[in-house]
Amino acid sequence: MGRRNWPWRGHHADLRHPPTPPAVSPSPAMAGSRFTAPTAAEAELLLLQKQALPEEEAAKAKRELLTRFLQEKLSREEQSSKRGLHKVRTAWRSARRKTKDQELRQDIEILSQTFTRVIDCKDGVIEVAAGLAGQGEVPGDAHDPPPQKTPQALVRELEEAEEQHSRALRSHLHLTDQLLHLQRGRLGYLEEGFNAQVDTLKADFEAERRTILEQQEWESCCLRDMALAMEQDHARNHHEAMLNFQSARDDIKNKCWQEQQYCRLQLVARLEKLWDQIQEARQNYTQATEKKKVEFEALKKKCEKSSWDIDAQAKKLQNLQEMVTTTRAQIAAHLQESEKQNQRIREDKEHALQKLQKLRAQSSQARATAHTHLVTLTCQCSATLKVLQQLVEKAQRILRLAEMCRRLETEEEEVLPFYPSSLAEQEQQNARKVLEQPPIEPLALALQDYVGLEQFWKRFNKAKLEEKVLEQARAALADRNQNLRGLLQQHLAGVAINQKMP
């Protein structure tokens, strides 16, 4: 097939000045050559950054160490200044205490002298009053004014008072001068010490300041040198990277232009082949479409008939949709009613559960209360049984003692177990009147519960009295036996002496 004059050939006639090429994916070799130089520059830059990081960290650590040292030194200076201020205040307070002590002692001495003078005046007045009484003068009433002093006594008292005042004033001025001299000397010593400490601190501060400034200047010089070196390295690396980038870009442009030209030639050949294929397909299409036209007319009539059927089916579908919507509305209404019923049932269930929980809590509380009452009742029953057991034992002991006492009773006690009262009739009446009166004292109130034991107390008191009488009789008999033994010993001694005498 001969070459044809294509309508688009005029656009590609001049291949020396092609238009802007489309984006073409480069090959792996081209990509590797393009990214070789920037990767090396980035690696070198990363290496420089890694080398600079330790230096920056070391400089930062030095700055932190220097800051911490300065803060510690400042805190030490503040503490030392506080201690010095505390010492100065303590010394000043001690000096003020001493001065105040001396002033109080002087005041006490002056007051004692004044009191002595007043006492002397009173003694003089008393002596004058006694002298007047000895001369026969009758003292006046207590409301009368006191006797007037003589002019000589008043002059003497005035002189004594002036002398005491001048002496007290001289002692006060002398002590004040001593205190001022002592305070000035102490202040001078403190000021000298303070000035010396201030000079020392200033010298230390200046030395440390010079050291810190020299170190800072040295570090700043090092940092400037490092910054300059890094800038130079960065500029050199940047220049090298730019050169590599320019060379890689030129290579990539040339390769892309060559590939573009090759692709254009291939596309022209493929377009010619495709045009031939399109012409053949067009001829085949025109031959095959005649039969298709007939089939198309038949299908068109069939389509019109189907459209009528579709319209009828659409109306039926619409009716069905309306029925579905009405049914759905009814179902929604039934669902709402059922939801309300379920809500009411849930509320009733929750109410019943709350009542059940309350009943359970009440039953558990009643069970716990009953258990507590049962435990308390058990403890009380055990304690009561123990007390009753003690009472039974005590009653059995009392019965045994009563049986023993009954066996030891005499015939008279068996006939008259309770002796008659030894009080006279008038005394008995007085005792009854006293017993009939309501008791007031606690002991009398307590005895009201033991009125039924009166006969017992009579017999008990009788037994105690008899026991005391027997003890007294026994003691009298023991004394008599002792006296008889002494007389017997004297008699035997006298007989022995008579036998020894010729």
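Remember, it's a predicted structure, so these values are computed and weren't measured experimentally.

### Overview of the overall build of the protein chain
If you tally the helices and strands in the protein chain, you get seven helices and zero strands. From first element to last, N terminus to C terminus, the protein chain shows the α and β order α-α-α-α-α-α-α. Evaluated residue by residue, the protein chain yields a buried proportion of 6% over its 502 residues. Taking contacts inside the protein chain between residues at least 6 apart in sequence as the whole, the part at least 24 apart equals 88%. On the protein chain, roughly 44700 Å² of surface is accessible, and the fraction owed to carbon and sulfur atoms is 60%.

### Remarks on the pattern of salt bridges
For the structure on display, the rule yields seven salt bridges. One salt bridge in this structure joins D101 and R105, with 3.1 Å as the shortest N-O distance. Here D101 and its partner R105 are both found in helix 2 (residues 36–134), four residues apart, which amounts to about one turn of the helix. For R105, a relative accessible area of 57% corresponds to the exposed category. Taking the shortest distance from any N to any O, the salt bridge between E339 and R346 comes out at 3.8 Å. Looking at E339, the relative accessible area reads 43%, which means it is partly exposed. Residue classification places R346 among the partly exposed positions, given a relative accessible area of 40%.

### Quick word on a negative patch on the surface
Where like charges cluster on the molecular surface, the negative patch consists of D120, D123, E127, E159, E160 and E162. The set of elements that each furnish at least two residues to the negative patch consists of helix 2 and helix 3 (151–407). Assignment of secondary structure puts E159 in helix 3.

### Concerning the confidence of the model for the protein chain
With 83% of its residues at a pLDDT of 70 or more, the protein chain has an overall mean of 78. Summarising per-element confidence for the protein chain, the mean pLDDT is lowest in helix 1 (residues 28–34) (39) and highest in helix 3 (85). Ignoring residues within four places in sequence, the model shows residues 1–38, a span with pLDDT below 50, making 28 contacts including any to other chains. Confidence over residues 136–147 falls short of pLDDT 50; this stretch has one contact with residues more than four positions distant or in other chains.

### A few points about helix 5 (residues 425–436)
With 12 residues, helix 5 extends 16 Å between its outermost C-alpha atoms, agreeing within 8% with the 16 Å of an ideal straight helix rising 1.5 Å per residue. In terms of residue burial, helix 5 counts as a barely covered element, since only zero of its 12 residues are buried.

### Some details on a nonpolar patch on the surface
Taken together, the side chains of Y450, L453, F456, W457 and F460 present a nonpolar region at the surface, about 510 Å² in accessible area. Counting through the fold element by element, L453 comes out in the loop between helix 6 (442–447) and helix 7 (454–500). Overall, the relative accessible area of 36% leaves L453 in the partly exposed class.

### As for the state of the cysteines
Per the stated rule, a full pass over the model turns up zero disulfides. The thiol sulfur of C222 is not disulfide-bonded, and the nearest other cysteine sulfur, from C221, lies at 6.9 Å.

Rules used in this analysis
- Residues numbered from 1 in each chain as written.
- Predicted model: local features only at pLDDT ≥ 70, side-chain atom pairs only at ≥ 80, totals over all residues.
- Heavy atoms only, no water.
- Helix = DSSP H or I, 4+ residues; strand = E, 2+ residues; numbered from the N terminus.
- Buried < 20%, exposed > 50% of the residue type's maximum accessible area, 1.4 Å probe, protein only.
- Contact = heavy atoms within 4.5 Å.
- Areas by Shrake-Rupley, 256 points an atom, 1.4 Å probe, with all protein chains shown as cover.
- Salt bridge = Lys/Arg side-chain N within 4 Å of Asp/Glu carboxyl O.
- Patch = residues over 30% accessible without salt bridge, like charges linked within 9 Å, V, L, I, M, F, W, Y side chains within 5 Å.
- Lys, Arg positive; Asp, Glu negative; His and termini not counted.
- Charge placed at Lys NZ, Arg CZ, Asp CG, Glu CD.
- pLDDT = per-residue confidence, 0-100.
- Expected span 1.5 Å × (residues − 1).
- Disulfide = S-S within 2.5 Å.

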